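Structural characterization, general
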Amino acid sequence: MSKFTISNIAVFILALLFFFMGIAGFSYSWVVLVLGLMVYLCVLICGVVNVKWQFFMPIICEIPNLEKEIFLSFDDGPQEQSKAVLDLLKKHNMKANFFCIGKHLEENPEWAQRLFDEGHFVGNHSYLHGLKFPVKSLKNIIAELEKTNEIIERFGGRKSEYFRPPFGVSNPNIAKAVTSLNLKCIGWTIRSFDTSDAKGSKALQKIKGELKSGDIVLLHDHSFHVLSILEGLIPFLKENNYKTQRIDIALGVNEKAKSFI
């Protein structure tokens, strides 16, 4: 049972309680009801935008391990900057996790194929990543995820079992779509905010300061400063004996992918 369902049950029980109190002659201020409603709305909003709350569905935000493995993840590619990111990862023999937009896979077939050929994890990040994605109908959300998975299968030979919601937003329709398609939802432990960092230095220091074994780090391969962040982060990872790993291998569901390691 999701936290969303539990919250709704709690609100329903409280509403019944207030109703029967009114029938029994107990008086209470309308202010109490307004405050209760405001608290519920605040909780709901936080649940929508905070993947770590896992409010509507289970979301994997970290993968604890004793191997000092961490998970570099890149959203929104492949785009022009992806080539340089892939070159840098190849230079250091590192594997990463790319949550790709279906339309970008179609538009950049060369870089898309490199993701698979060079042994990186590729997850579903919707087809368009539009601003309206979170408010789309269940039917349209499912259509976007299915279309992206068809494209992933075209390049990699198999559909992705993993989905990361655009903007990290979840809600009942997204949860239903994930469940109906039997997908696993992947969040993050460390959100670097690399796209809003003017120089990339704050994002790098945030990752260095918070990183621990099992963390999933959120970056964007189209971020203007992603290369400088990686060039500062990779030596740090090596100095502290961190290994980068594919999410599916760490979860023990893709033995075939180990051939790339």
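Okay, so let's go over this structure. Note that the structure is a prediction, hence the values are computed from the model and not measured.

Looking now at the overall build of the protein. The helix and strand tally for the protein stands at 10 helices and nine strands. Over its C-alpha atoms, taken along the principal directions, the protein stretches across nearly 75 × 40 × 35 Å. Here the protein holds 261 residues, and 46% of them are scored as buried. About 13500 Å² of surface is accessible on the protein, with carbon and sulfur atoms providing 61% of the total. Charge separation in the protein, taken as the distance between the mean sites of 30 positive and 26 negative side-chain charges, equals 3 Å.

A separate point is a nonpolar patch on the surface. Residues Met1, Ile6, Ile9, Phe12, Ile13, Leu16, Phe19, Phe20 and Ile23 make up a contiguous nonpolar surface patch of roughly 990 Å² in combined accessible area. Structurally, phenylalanine 20 is set in helix H1 (residues 3–23).

Before going further, it helps to examine the packing of helix H8 (residues 201–210) against helix H9 (residues 226–239). As a packed pair, H8 and H9 sit with axes 9 Å apart at the nearest point and diverge in direction by 25 degrees. Looking at the two axes, H8 sits roughly parallel to H9. Note that H8 runs across H9; the crossing there is right-handed. Contacts between H8 and H9 involve Ala203, Leu204, Ile207 and Lys208 on the former and, on the latter, Ile229, Gly232, Leu233 and Phe236.

On to the packing of helix H3 (residues 82–91) against H9. Across the interface, H3 lies against H9 with an axial gap of 10 Å and an inter-helix angle of 15 degrees. Between H3 and H9, the interaxial angle falls into the category roughly parallel. Regarding H3 and H9, the two cross each other, and that crossing is right-handed. Contact with H3, carried on its side by Ala84, Val85 and Leu88, involves Val226, Leu227, Leu230, Glu231 and Ile234 of H9 and no other residues of that element. For the contact of H3 with H9, the per-class residue count stands at seven nonpolar, no polar and one charged.

What counts as what
Residues numbered from 1 in each chain as written. Predicted model: local features only at pLDDT ≥ 70, side-chain atom pairs only at ≥ 80, totals over all residues. Heavy atoms only, no water. Helix = DSSP H or I, 4+ residues; strand = E, 2+ residues; numbered from the N terminus. Buried < 20%, exposed > 50% of the residue type's maximum accessible area, 1.4 Å probe, protein only. Areas by Shrake-Rupley, 256 points an atom, 1.4 Å probe, with all protein chains shown as cover. Lys, Arg positive; Asp, Glu negative; His and termini not counted. Charge placed at Lys NZ, Arg CZ, Asp CG, Glu CD. Patch = residues over 30% accessible without salt bridge, like charges linked within 9 Å, V, L, I, M, F, W, Y side chains within 5 Å. Salt bridge = Lys/Arg side-chain N within 4 Å of Asp/Glu carboxyl O. Axes fitted to C-alpha atoms, helices over the stretch in contact; angles between N-to-C directions. Parallel < 35°, antiparallel > 145°, perpendicular 65-115°, else oblique. Left-handed = near helix turned anticlockwise from the far one by under 90°. Contact = heavy atoms within 4.5 Å. Nonpolar A, V, L, I, M, F, W, Y, C, P; charged D, E, K, R; others polar.

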